[in-house]
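Here is how the chains run, residue by residue.
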Amino acid sequence: MNALTIIFYIMAVLMVVFSIMAVTSRKLLRAAIYLLFVLIGVAVFYLAVDYMFLAAVQVVVYMGGILVLIIFSILLTSHLGERLQVVKPTTMLFAAVLSLVSAGVVISVINGFTFITSTFEGDKLTVAHIGQQLLSYDQFGYVLPFEVISILLLAAMIAAIAIAKYKHQGKS
Amino acid sequence: MDKEALILFFLSAIAIVGIGMLLSWLVAPKSKNIQKKEAYECGIPTVGSSYMQFRVGYYLFAIIFLIFDVETVFIFPWAVVMKSMGMTAFIEIIIFFGILGLGLLYAWKKNALRWD
Amino acid sequence: MNIYDFTGLTRSIHEGLSSSMSPLAVTVTEFVIIAFAFMIFFTILGLVLVYAERKICAFFQLRLGPMRVGKWGLAQTAADAVKLIFKEPMITKNADKFLFNLAPFIVIISTFMALGALPFAKGLHALDFDIGILYISAVSSIGVIGILIAGWSSDNKYSLIGAMRSGAQVVSYELSVGLSLLTIVVLAESLQFSEIIASQEAGWWIFRGHIPALIAFCVFMIAGTAETNRGPFDLAEAESELTAGFHTEYSGLKFAFFFLAEFVNMFIIAAIGATVFLGGWMPFHIGHWAGFNQIMDFIPPIVWFFGKTGFLIFLMMWFKWTFPRLRIDQLLTLEWKYLLPINLINILIMAFVVLMGWHF
């Protein structure tokens, strides 16, 4: 048991607890804040394996971006005193069975998968390494995904605007 | 060393607020008064709940922000290697920005960037 | 080689501790020293900046400002802080108590963690990451969550409107701050603060980077002022219409934490600007003027750092007391139709300049 394993298990337990609290909380914004704690846990995992860049990206994109978007939509639609309805017992049972089955599938796939160890040589992964891999167009370069991501983002933006602006055009 | 220091900074920030709040809770006077728990508005009792309908514009800006936020994340590694990779990196970023520029242009033309 | 180098001091502290303690105890002692140093610095910084703001505001309006407590009112903000501790913490009746109390924590955590990564002088640098700039923009992007939940949980219309405006503004301008810094990263080839400073030994990037660097600096100052919710972009707490914005319902020390975070955030923005554009603690050097450069080297790096940062803070206060407040539509137009496109094109121009080797 070294420090890394201890941190891993503490964070894992915390993340499981907060995930359960996020889905069982009947106050919407509290659920979002529990999700924030889960996301911090993921960032700590990346930090624990010395992947600083990915940890920072996790914070920027998930906490500073997606979670802010979620909180914005909660602020737009729900108010303080509001409680979420408790679903019917049959629905709850169905959801429980479904999540157990999917958890089983995920665990069995992870157990059966052989993870390839990193071929990275050198003591520390720097942003410069990531940049070179991202932009290189030789055999193991990622230039195509890099450019395709811009198309994906373009599609996301057009779709968001089309949906948000749809009603306005319909009315006028 | 640096990773552990991050936890240190996280905990000290919590300590600052925690100690401050505890201190204030210990020394501050407490008095019960129903009026005091009212929301601070303009002196007369509050009408209705604090909930109000916001315009969808806030949400739209949040989505466009998210897209550019993801884009910025990809530019970070690019900016570091731009000088050493030279022409390759320059051409690649022109394509990347060009496609995203189309998105911004689309938002602009569809009046998604206008506050009305 | 340099009498102002702090590396020697930190090393001798480390060696002194190592001689009498086990490695674990040394690490713990060092951490406690660092934590206390930063806590004290954080508090003093807040007091000094609030005092400076009040004095500068007063001078712009031909007043004297605080004069009663201590000489020239120097102890005024400390007295205010003590007063705030003795104020009763209040919560509105329908407020979500958990989120209401959590919000100051999130805001202070974000600010304090960003403060740790600033390079104050050579060797006086707590967190020097390879991803420096990305780290700072990551931790400071969490602060907006604190603002949003503070506004939502206090059950007040003003707070909610203030939080929505503030959130939209902070996230929008965050983009421009990041992109304008990246313009200089293209030149400096690193995100690490110590390397960015080292690359400016021959001259500060704002002078060596031609016009794109100047444009980036202007964009950075505008966006930085807006990101910290300061005037003329302070419509989130426009006191004539929204009382105090998202922290209307906060009283006593909890209010003080939001206030403190706002001022320290201003310091962080100014310090990043000073580091990336103006060379951080690097003294002002002109080409081959050996005599002049030597005289400049006599000024300690820490004075250079705080001098440059102080100058940028003064600039931001000057903005606040000079320009009228913007409307929210003007604010968003400024970001999305002007600053963001200018920024994107500016990065391309900078990349082209670097490609052709036109920079100095």
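> Can you break down the overall build of chain C residue by residue, with the values?
In terms of regular secondary structure, chain C is built from 15 helices and zero strands. For chain C, the C-alpha radius of gyration of 21 Å lies close to 21 Å, the compact-globule estimate for 360 residues. With the C-alpha coordinates aligned to their principal axes, the bounding extent of chain C is approximately 65 × 60 × 45 Å. Here chain C holds 360 residues, and the buried ones make up 52% of them. Partitioning the intrachain contacts of chain C with sequence separation of at least 6 by distance along the chain shows that 79% fall at a separation of at least 24.

> Please provide a residue-by-residue account of the interface of chain C and chain B, values included.
Listed per partner, the contact involves 60 residues of chain C and 51 residues of chain B. Those elements that provide at least two residues to the side of chain C that touches chain B are α2 (23-60), α4 (97-115), α7 (157-188), α12 (252-276) and α15 (328-356) of chain C. At 12 residues, α7(C) tops the list of elements feeding residues into the side of chain C that touches chain B. For the side of chain C that touches chain B, the residue count by class is 41 nonpolar, nine polar and 10 charged.

> Report on the nonpolar core, specifying residues and quantitative values.
Judged by nonpolar contacts, the single largest core of 176 residues is most densely connected at Ala56(A), Ile64(B), Ile145(C), Ile149(C), Ile184(C), Val185(C) and Val186(C). Examining the composition of this core, we find that 19 residues originate from one element, α7(C), more than from any other. When residues are assigned to domains, this core turns out to be shared by domain 1 (1-82) and domain 2 (123-172) of chain A, each giving three or more. With sequence-adjacent residues up to four places away left out, Val185(C) is seen in contact with Ala79(B), Val80(B), Ile133(C) and Leu191(C).

> I'd like to hear about the confidence of the model for chain B, residue by residue, with values.
The share of residues in chain B with pLDDT of 70 or more is 92%, and the mean pLDDT across the chain is 82. Element-level pLDDT for chain B is lowest in helix α1 (residues 2-27) of chain B, with a mean of 85, against a maximum mean of 88 in helix α3 (residues 87-109) of chain B.

> Can you explain the interface of chain C and chain A? Please cite residues and give values.
Residue-level contacts link 25 residues of chain C with 21 residues of chain A. Elements with a minimum of two residues in the side of chain C that touches chain A: α4, α5 (132-140), α6 (143-153) and α7 of chain C. Here the side of chain C that touches chain A is built from residues that sort into 18 nonpolar, four polar and three charged.

Rules used throughout
Residues numbered from 1 in each chain as written. Chains lettered and ligands numbered in written order. Predicted model: local features only at pLDDT ≥ 70, side-chain atom pairs only at ≥ 80, totals over all residues. Helix = DSSP H or I, 4+ residues; strand = E, 2+ residues; numbered from the N terminus. Rg over C-alpha atoms; globule rule 2.2 N^0.38 Å. Buried ≥ 20, exposed ≤ 12 C-beta atoms within 10 Å, placed from the backbone. Contact = placed C-beta atoms within 7 Å. Nonpolar A, V, L, I, M, F, W, Y, C, P; charged D, E, K, R; others polar. Core = buried A, V, L, I, M, F, W, Y, C linked by C-beta atoms within 7 Å. Domains from an automatic or database assignment. pLDDT = per-residue confidence, 0-100.

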